[in-house]
Amino acid sequence: NDLTHKKKQQIRMADRLALIQGHLTSTGLSTLKQHPFIIDRVSTSKRVRTVRLNNPKRLNCIQTTMFVKLVEITRDFESDDQQKILVYTGEGRAFCTGLDLTGWNDSDDYGEMTPTSMGCGTSCVNFHIQKDFVAIWNGIVMGGGISISFSANHRVVTENVRY
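Each value, and the rule that gives it
Sequence order as written defines the numbering, with residues in each chain counted from 1. Side-chain atom pairs in this predicted model are given and counted only at pLDDT of 80 or more, local residue features only at pLDDT of at least 70, and totals for whole chains, interfaces and linings cover all residues. To obtain the side-chain values, all non-hydrogen atoms of the structure were included, while hydrogens and water were left out. Only the six-membered ring of Trp is used, alongside the rings of Phe and Tyr, when aromatic pairs are assigned; centres must lie within 6.5 Å, and planes under 30 degrees apart are stacked while those over 60 apart are edge-to-face, with the rest tilted. What counts as a helix is a DSSP run of H or I of at least four residues, what counts as a strand is a run of E of at least two, and both are numbered from the N terminus. Three labels apply to residues, based on accessible area from a 1.4 Å probe with only protein chains included: buried if under 20% of the type maximum, exposed if over 50%, partly exposed otherwise in between. Any two strands between which DSSP finds at least two bridges are classified as paired. For helices, the axis comes from a line fit to the C-alpha atoms of the stretch in contact; other axes are also lines fit to C-alpha atoms, and the angle between any two N-to-C directions lies between 0 and 180 degrees. Every residue gets a pLDDT, meaning the predictor's confidence in that residue, from 0 to 100. Contacts between residues were defined by any pair of non-hydrogen atoms, one from each residue, lying within 4.5 Å.

**Q** Just checking my understanding: could you explain the packing of aromatic side chains for this structure?
**A** The relation between two aromatic rings is expressed through the spacing of the ring centres and the mutual angle of the planes. Applying the stated rule across the entire model yields one aromatic pair. With centroids separated by 5.0 Å and ring planes inclined at 75°, the aromatic side chains of Y88 and F133 adopt a geometry described as edge-to-face. With Y88 in strand 3 (residues 85–90) and F133 in strand 5 (residues 132–137), this residue pair connects regions lying 45 residues apart in the sequence. Of the two residues, Y88 and F133, both sit in the buried class.

**Q** Honestly, the sheet that holds strand 3 in this entry has me stumped. Any pointers?
**A** Adjacent strands of a sheet pair through backbone hydrogen bonds, lying either parallel or antiparallel. Read from one edge to the other, the open sheet built from five strands follows the order 1-2-3-5-7, with strand pairing classed as mixed. On the outer flanks of this sheet lie strand 1 (38–42) and strand 7 (154–157), each paired with one strand and no other. On average, each strand axis in the sheet is inclined to that of its neighbour by 15°, with strand direction left out of account. Where strand 1 lies against strand 2 (residues 48–53), five bridges are found, and the strand directions are antiparallel.

**Q** For this particular structure, what's the right way to read the environment of E159?
**A** Along the chain, E159 turns up in the segment after strand 7. Remark: the alpha-carbon pair of E159 and N138, spanning 21 residues in sequence, is separated by 7.7 Å.

**Q** How should the pairing of strand 5 be read in this particular structure?
**A** Side-chain positions along a regular strand alternate between the two faces of the sheet. Here four bridges tie strand 3 to strand 5, and the two strands are oriented parallel to one another. Along strand 5, the bridge assignment pairs I85 with D132. When strand 5 meets strand 7, the two strands line up parallel, connected through four bridges. Following the sheet pairing, W137 is matched in strand 7 by V157.

**Q** Sorry, what's going on with the confidence of the model for the protein here?
**A** Reading fine detail from the predicted coordinates is not recommended where pLDDT is low. The predicted model of the protein averages 75 in pLDDT, with 64% of residues at 70 or higher. Helix 4 (residues 122–125) is the least confidently modelled element of the protein, averaging 43 in pLDDT, while strand 6 (residues 140–141) averages 94, the highest of any element. Low pLDDT, under 50, characterises residues 27–32; the stretch is placed with seven contacts to residues that sit more than four places away or in other chains.

**Q** Is there a simple way to think about the side chain of N55 in this case?
**A** Structurally, N55 can be placed in the loop between strand 2 and helix 2 (64–79). Residues within four places of N55 in sequence aside, it is in contact with F37, N60 and Q63.

**Q** How should unusual backbone geometry be read in this particular structure?
**A** A negative phi angle characterises most non-glycine residues, just as the trans form characterises most peptide bonds. For L59, which is not glycine, the phi torsion reads 55° and is therefore positive. Look at N60: it is not a glycine, yet its phi comes out positive at around 60°. Inspection of the secondary structure assignment puts N60 in the loop between strand 2 and helix 2. Under the relative-accessibility criterion, N60 is labelled buried at 0%.

**Q** Would you mind showing me how to read helix 5 (residues 144–151) here?
**A** Quick reminder: α-helices carry 3.6 residues per turn. Residues three or four places apart thus point the same way. In terms of burial, helix 5 is a largely internal element, six of the eight residues being buried. For helix 5, the complete set of buried residues consists of G144, G145, S147, I148, S149 and S151.

Written out as structure tokens, the structure is:
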């Protein structure tokens, strides 16, 4: 029964990602090689991959394109046998404050996507990683930031954490 629930979560996540990817393709945003608010580094030993959310002015809230890029990075990590540890952290005074909701009511750019279809809950941002995944809470952690770290099998809480 637990395995069936996990499968259903993965299917729901795949449906949401397909919706997001379809939107990004139709708007030409799916071709981003690097995202301006994500610093993605692999150590020289190729064993540790560090992802730093880098939008400190907005407390590292996750935009649609950021979410898709994070999923791509995580899938790439999972499929690379050399990479053993994935570390997520945030720049500035926040780890992550969740989904960026600005513009949802002001623009029709998102088409049929809504914050709910994006998956503001843990089932959408749960990456189901089988390797070591570390979330370093280095400041404010809210909403989707907490959800992302639920995927991690290790969470490091610094003295600056606020949630």
